[in-house]
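# Coordinates in review
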Amino acid sequence: EVPVVTQAIEAYRTVTASDEFKELERLRLLASCNEASALEHARRKEREKLRGALDKKDAIIADKDAALADKDAALADKDAIIADNKAALEDNKATIADKDAEIMRLRALLDSRPN
């Protein structure tokens with residue numbers, strides 16, 4: 001077995017020492033580097049694409065948040081108007097009650113007058 005192993009080791013040394021093997025090894029290494037570079041470039045492009053999509057989504061959300069804030073402000077204004085109108089209605093009810101009492105008093109006064 002030792003001569004076979006020795007022959008295999010010698011054959012390996014001979015092959016790896018050849019210019020053809022060295023060129024193939026250089027090309028393999030270059031291809032490996034090119035593949036790694038291409039993969040990194042593809043990952044970078046995908047990250048940029050995702051970042052663009054996230055930025056677009058964030059802009060849409062910000063626009064909708066601003067629209068909601070405007071609607072909340074408009075709703076608060078309408079709530080204030082409703083509260084003012086309710087207060088005015090209560091004032092008007094009190095005024096009507098006062099006027100009704102005055103009318104009743106005047107009717108009673110008229111009814112108590114001799115003809």
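Placed above this text is the structure.
Cut-offs and rules
Residues numbered from 1 in each chain as written. Predicted model: local features only at pLDDT ≥ 70, side-chain atom pairs only at ≥ 80, totals over all residues. Heavy atoms only, no water. Helix = DSSP H or I, 4+ residues; strand = E, 2+ residues; numbered from the N terminus. Rg over C-alpha atoms; globule rule 2.2 N^0.38 Å. Buried < 20%, exposed > 50% of the residue type's maximum accessible area, 1.4 Å probe, protein only. Areas by Shrake-Rupley, 256 points an atom, 1.4 Å probe, with all protein chains shown as cover. Contact = heavy atoms within 4.5 Å. Polar contact = N/O pair within 3.5 Å; in protein donor to acceptor, adjacent residues only side chain to side chain. Patch = residues over 30% accessible without salt bridge, like charges linked within 9 Å, V, L, I, M, F, W, Y side chains within 5 Å. Salt bridge = Lys/Arg side-chain N within 4 Å of Asp/Glu carboxyl O. Axes fitted to C-alpha atoms, helices over the stretch in contact; angles between N-to-C directions. Parallel < 35°, antiparallel > 145°, perpendicular 65-115°, else oblique. Nonpolar A, V, L, I, M, F, W, Y, C, P; charged D, E, K, R; others polar.

## Brief notes about the overall build of the protein chain
A count of helices and strands for the protein chain gives two helices and zero strands. A globule of 115 residues ought to have a C-alpha radius of gyration of about 13 Å, yet the protein chain, at 47 Å, is considerably larger. A principal-axis box enclosing the C-alpha atoms of the protein chain has dimensions of 155 × 30 × 10 Å. Scored against the burial criterion, the 115 residues of the protein chain give a buried share of 1%. By element, 61% of the accessible surface of the protein chain is carried by carbon and sulfur atoms, the whole surface being about 10,500 Å².

## Focus on the environment of T16
Inspection of the secondary structure puts T16 in helix α1 (residues 2–17). Discounting residues that sit within four places of it in the chain, T16 has contacts with F21 and K22. A polar contact of 3.2 Å, which involves the side chain of T16, links it to the backbone oxygen of R13.

## Concerning a nonpolar patch on the surface
On the surface, a nonpolar cluster with roughly 260 Å² of combined accessible area is contributed by L24, L27 and L30. For L24, the location among the structural elements is in helix α2 (residues 19–112). L24 gets classed as exposed once you look at its relative accessible area, which sits at 51%.

## Topic: the pattern of salt bridges
According to the stated counting rule, one finds eight salt bridges in the structure shown. The residue D58 makes a salt bridge to K57 at a minimum N-O spacing of 3.5 Å. A residue is classified by how much of its surface remains accessible, and D58, at 39% relative accessible area, is partly exposed. Relative accessible area serves as the criterion here: at 40%, K57 is assigned to the partly exposed category. Its salt-bridge partner being K93, residue E90 comes within 3.6 Å of it at the nearest N-O pair. A residue pair is termed a helical-turn pair when its members lie 3 or 4 positions apart in one helix, as E90 and K93 do in helix α2 at three residues.

## Quick look at the packing of α1 against α2
α2 packs onto α1 with a crossing angle of 70° between their chain directions and a minimal axis gap of 5 Å. Relative to α2, α1 is oriented roughly perpendicular. Facing V15, T16 and A17 of α1, the residues of α2 in contact are D19, F21 and K22. Looking at side-chain class alone, the contact of α1 with α2 contains three nonpolar, one polar and two charged residues.

## Details of the environment of C33
As for its position among the elements, C33 is in helix α2. Along the backbone, C33 and V15 are 18 residues apart, and their C-alpha atoms lie at a distance of 23 Å.

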